[in-house]
Amino acid sequence: MWTLASPITNDKVRLFLDDALVPGLDGEWADSADAYPSGDGAAGGDFSFRLNVLRGDATQDGTVNALDLSFIKQRLNKTATNPGTTGAIYSVFGDLTGDGSINALDLSAAKQRLNNKLPTGDPASLFSDLPVSR
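Worth saying up front: this structure is predicted, and the values here are computed from it rather than measured.

Scoring rules and cut-offs
Residues numbered from 1 in each chain as written. Predicted model: local features only at pLDDT ≥ 70, side-chain atom pairs only at ≥ 80, totals over all residues. Heavy atoms only, no water. Helix = DSSP H or I, 4+ residues; strand = E, 2+ residues; numbered from the N terminus. Buried < 20%, exposed > 50% of the residue type's maximum accessible area, 1.4 Å probe, protein only. Axes fitted to C-alpha atoms, helices over the stretch in contact; angles between N-to-C directions. Parallel < 35°, antiparallel > 145°, perpendicular 65-115°, else oblique. Contact = heavy atoms within 4.5 Å. Nonpolar A, V, L, I, M, F, W, Y, C, P; charged D, E, K, R; others polar.

Brief notes about the environment of Gly87
Okay, step 1: By the element assignment, Gly87 lies in the loop between helix 1 (66-74) and helix 2 (104-112).
Okay, step 2: Relative accessible area serves as the criterion here: at 70%, Gly87 is assigned to the exposed category.
Okay, step 3: With twelve residues separating them along the chain, Gly87 and Arg75 place their C-alpha atoms 9.1 Å apart.

Points about the environment of Phe16
Okay, step 1: Looking at the secondary structure, you find Phe16 in strand 2 (residues 12-17).
Okay, step 2: Since its relative accessible area comes to 52%, Phe16 is described here as exposed.
Okay, step 3: As for Phe16 and Ser48, which are separated by 32 residues in sequence, their C-alpha atoms are 4.6 Å apart.

Digging into the packing of helix 1 against helix 2
Okay, step 1: Close contact between helix 1 and helix 2 brings their axes to 10 Å; oriented N to C, the two are set at 180°. Relative to helix 2, helix 1 is oriented roughly antiparallel. When helix 1 is examined against helix 2, the residues Leu69, Ile72 and Lys73 are found in contact with a partner set consisting of Asp106, Leu107, Ala110 and Lys111.
Okay, step 2: For the contact of helix 1 with helix 2, a count of residues per class yields four nonpolar, no polar and three charged.

Have a look at this one:
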């Protein structure tokens, strides 16, 4: 689990993994028999990942719509520590505020984002650069 120093802005983040700081991650395959590209040809190297965050997309279908509002409503008053036992149990995707419970604040946040969709592509300069701690 990683903790971000501040909230993600612009609904996207670029994650860099420094192979020198992660044991067992060398930027290349352990054996050369694999046919897949694994880096720039030199052992070592950093990995860069682009993550798009669509807050409010509780159903994870790429759009914030009425289905997401319904998903959240069904889970109102469920918490991470008391998730329920059957049916619509607590889901981190419905907990938009990240406070460990699904409540009216989460529903309001989803309503504010109705009809938002995942971006198709953005310049790298729009990404957040956030320090990450573990």
